[in-house]
Protein chains: 2
Amino acid sequence: MSEGVSIVGGGHAVFGKRKESGLRDLAHEAVRDLFNTTNVSKSDIDATVIGVAGDGFNGQGSPAAVINTELGLHGLPTIRVESACATGTAGIISAYNMIKSGLRDAVLVVGAEKMTSISSGEATELMARAGDLRWEFPFGVSFPGYYALIASAHMAEYGTTREILSSIGVKNHYYASKNKLAHIRKEVSLEEAMGAIDIASPLNLYDCSLISDGAAAVLLTKDSIAKKFTDTPISIKGIGQGTDTMMMAQRESLTELKGAQRAAKEAYAMAGVTAADINLATVHDCFTIAELIAMEDLGFYKKGEAGQAVLDKQTYHDGKIPINVDGGLKAKGHPLGATGVSQAVEIRKQLLGEVESERQVDGAVRGLSHNVGQSGQFVNVLIYERSDL
Amino acid sequence: MSEGVSIVGGGHAVFGKRKESGLRDLAHEAVRDLFNTTNVSKSDIDATVIGVAGDGFNGQGSPAAVINTELGLHGLPTIRVESACATGTAGIISAYNMIKSGLRDAVLVVGAEKMTSISSGEATELMARAGDLRWEFPFGVSFPGYYALIASAHMAEYGTTREILSSIGVKNHYYASKNKLAHIRKEVSLEEAMGAIDIASPLNLYDCSLISDGAAAVLLTKDSIAKKFTDTPISIKGIGQGTDTMMMAQRESLTELKGAQRAAKEAYAMAGVTAADINLATVHDCFTIAELIAMEDLGFYKKGEAGQAVLDKQTYHDGKIPINVDGGLKAKGHPLGATGVSQAVEIRKQLLGEVESERQVDGAVRGLSHNVGQSGQFVNVLIYERSDL
């Protein structure tokens, strides 16, 4: 067995509507943060992996070389990876593989997306084009619609209520208000959340994640050199990946993502742990219903039991299994390619005790990240562990 | 040292203007060819890597899931990789890393592009958008222009002539005429090639590669299971990657690609061979000048000496170092994401003695593939070896 791979540094741009910043500026901001907080110099880096989900948001094709040059890292191997909204974790997994295979020792992963140069209507259409262009997109369905189907099915099958979904939005807005990197740092009341305007019924405004600009970066190295960069490397213990049919209509069930279940099973097996061993999770709450089914698909709760746990606030930072206590995609924001990398940066900081005190999970040593592309066509699950304790 | 990785099967769609076939049909055709010629069933495959360079050619965002479903492989992990025109080899390298890292045992790589649904003018603009969108694209330069700069510089510095460039086009058209998978199976005379209309002076029509539809596929496995699928696995012996500045204006020299030199050096070192040990090569002749500088960057010839070798026909199938005896991008065609995978399929067949007799390189045991993205912003070099002899 060859040696493992660790995250030795993380960086994060402020998520939001970043009028003055283009794609390369956002990437630069995240990497600058990483360089400022990690004992790394450019010559330590062997290769980069760039995660950008869509060319169309800003018209720049093939973004990896642009970002590599902006970082002053031209010359080094680079690759762009893309798995729709699961692009960020696809980047981390690719970097893991590059190192573990023996080709590279230290790989910088940058996830970035500049989404607000176009209108939110145009952005919604662009994202919808990642749905099936032959059989679904032409009939008008976009992502709020796909997840509305899932929400309706979950409500019908398990009695999931408006209050449960809104409670997830309330929690995520609460934690975003405590997170200085978040896009919308505003609390919402349960009443406001329940009464908001419909987007795609039953999903309303406070069920839907944000269209954000942002970037995040992590540096991965093989374990034997990790201590050169930090005293507290975070080990990548588990990796799982799953997918599903392109068309929602071809699936047996709408109340679960089989790809997430498969990815979780793989990741737990590789890490040698179970759901009960996870101290906190960042899950892909592109819609509130997605957080709910993630709680079930990841095995934190049995099917149909996550809703009551939400009402009982078990997913708050001091609850049984803290989930998205960074504000989640819902309120921290969801710059597509950045999201999975942002999850890793958040978990790393949590495990190091470095986040804002109002949302710090005390004593956490193991975190899970769940990152979904489209409506489950890509799911990546990663398990991170503090290994110095 | 963990075990190696081999190509155990290859498949190829016919390149061309494939009016009746969309992206998923082309991918399906290539994979069907692989399944028909390799002892593999779906349950043998652990994951897929999908190489598609541009979303914009057919409007389908995030193409990996679409292709995965079309192949009946949904459920399995998939990822899309993109390195502009070097996307195909980026896919092969990613699959190599997945296997070598221990995460997967058998990975299917599919490279595909559907380029002719839009006009050639629109396709040229779309590709130009992979150039620098801030400092170069807005001033009107597209890829023929970038390579015209390289050609002009090479002519000025080394006395490279119109006849040398045209002789490369003549060779590649000759071999495409013998290749049943090629887009344009038509020979051209040196006179025709030299007198063709200008595209971006000094490059004319017969200096420029084609806008093609196409797909190609390879199956990679770890060596210990390779014999289950074929008696003649082709080992991946060397991998090298290099990049360069986004802007051409920032480069020291226009007569070489530093990324190619770096990639070649890495690949030779990993394989433990030199340029003299290579029996044939597929190089990225997006323009004839690109084939010429590849001959020099890869170390087959000293700087400035490749031109005479071209005139001496040393790169024909029975010459000193056969190059692009499949017709190359020039005449076999250049469906962006497919090209690097097509190179691998061609080298595999050459090493197995399975190509058309008029272009078979006798006794070849080791081949090199050189795949370039943009104007050298990405370069991947791979060395393949027949290991059963």
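For the structure, check the block above.
Note that the coordinates shown come from a computational prediction; the quantities given were computed from them, not determined experimentally.

Enquirer: Please clarify how the overall build of chain A should be interpreted in this entry.
Expert: A tally of helices and strands in chain A yields 13 helices and eleven strands. Its C-alpha atoms give chain A a radius of gyration of 19 Å, within 12% of the compact-globule value 21 Å for 389 residues. For the C-alpha atoms alone, the extent of chain A along its principal axes is close to 55 × 45 × 40 Å. Within chain A, the fraction of its 389 residues that count as buried is 66%. Sequence-distant contacts, at least 24 apart, represent 79% of the contacts inside chain A between residues at least 6 apart.

Enquirer: Even after reading the chapter, I still don't get helix 4 (residues 120–128) of chain B, so can you show me in this structure?
Expert: Every α-helical turn comprises 3.6 residues, leaving residues that sit three or four positions apart pointing alike. Listed in full, the buried residues belonging to helix 4 of chain B are L126, M127 and A128 of chain B. If you follow the buried residues of helix 4 of chain B, they end up packed against helix 5 (143–158) of chain B.

Enquirer: Looking at this structure, how should I read the pairing of strand 7 (residues 214–222) of chain A?
Expert: The side chains of a regular strand alternate, first on one face of the sheet and then on the other. All names here are of chain A. When you tally the buried positions in strand 7, you get eight out of nine residues, the bulk of the element. When strand 1 (residues 5–12) meets strand 7, the two strands line up antiparallel, connected through seven bridges. Within the sheet, the bridge partner assigned to I7 lies in strand 7 and is L220. As judged from the eight bridges shared by strand 4 (residues 106–113) and strand 7, these two strands associate in the antiparallel manner.

Enquirer: Which parts of the structure should I look at to understand the pairing of strand 10 (residues 366–373) of chain B?
Expert: Residue and element names in this part refer to chain B. Among the eight residues in strand 10, eight count as buried, and that is most of the element. A two-sided burial pattern is seen for strand 10, the buried positions comprising R366, L368, H370 and V372 on one face and G367, S369, N371 and G373 on the other. Alignment of strand 9 (residues 280–282) against strand 10, held across three bridges, turns out to be parallel. When the sheet's bridge partners are listed, T282 is paired in strand 10 with S369. When strand 10 meets strand 11 (residues 378–386), the two strands line up antiparallel, connected through eight bridges. Counterpart to R366 in the pairing with strand 11 is E385.

Enquirer: I'm lost on the packing of helix 3 (residues 87–100) of chain B against helix 13 (residues 336–352) of chain B in this one. Help?
Expert: When two helices pack together, their arrangement is given by the angle between their axes and by how far apart the axes lie. All names here are of chain B. Across the interface, helix 3 lies against helix 13 with an axial gap of 5 Å and an inter-helix angle of 60°. With respect to their mutual orientation, helix 3 and helix 13 come out oblique. Each of T87, G88, T89, G91 and I92 in helix 3 lies in contact with helix 13, whose residues at this interface are L336, G337, A338, T339, G340, V341, S342 and A344. Residue composition of the contact of helix 3 with helix 13, by class: five nonpolar, eight polar and no charged.

Procedures and definitions
Residues numbered from 1 in each chain as written. Chains lettered and ligands numbered in written order. Predicted model: local features only at pLDDT ≥ 70, side-chain atom pairs only at ≥ 80, totals over all residues. Helix = DSSP H or I, 4+ residues; strand = E, 2+ residues; numbered from the N terminus. Rg over C-alpha atoms; globule rule 2.2 N^0.38 Å. Buried ≥ 20, exposed ≤ 12 C-beta atoms within 10 Å, placed from the backbone. Contact = placed C-beta atoms within 7 Å. Pairing = 2+ DSSP bridges. Axes fitted to C-alpha atoms, helices over the stretch in contact; angles between N-to-C directions. Parallel < 35°, antiparallel > 145°, perpendicular 65-115°, else oblique. Nonpolar A, V, L, I, M, F, W, Y, C, P; charged D, E, K, R; others polar.

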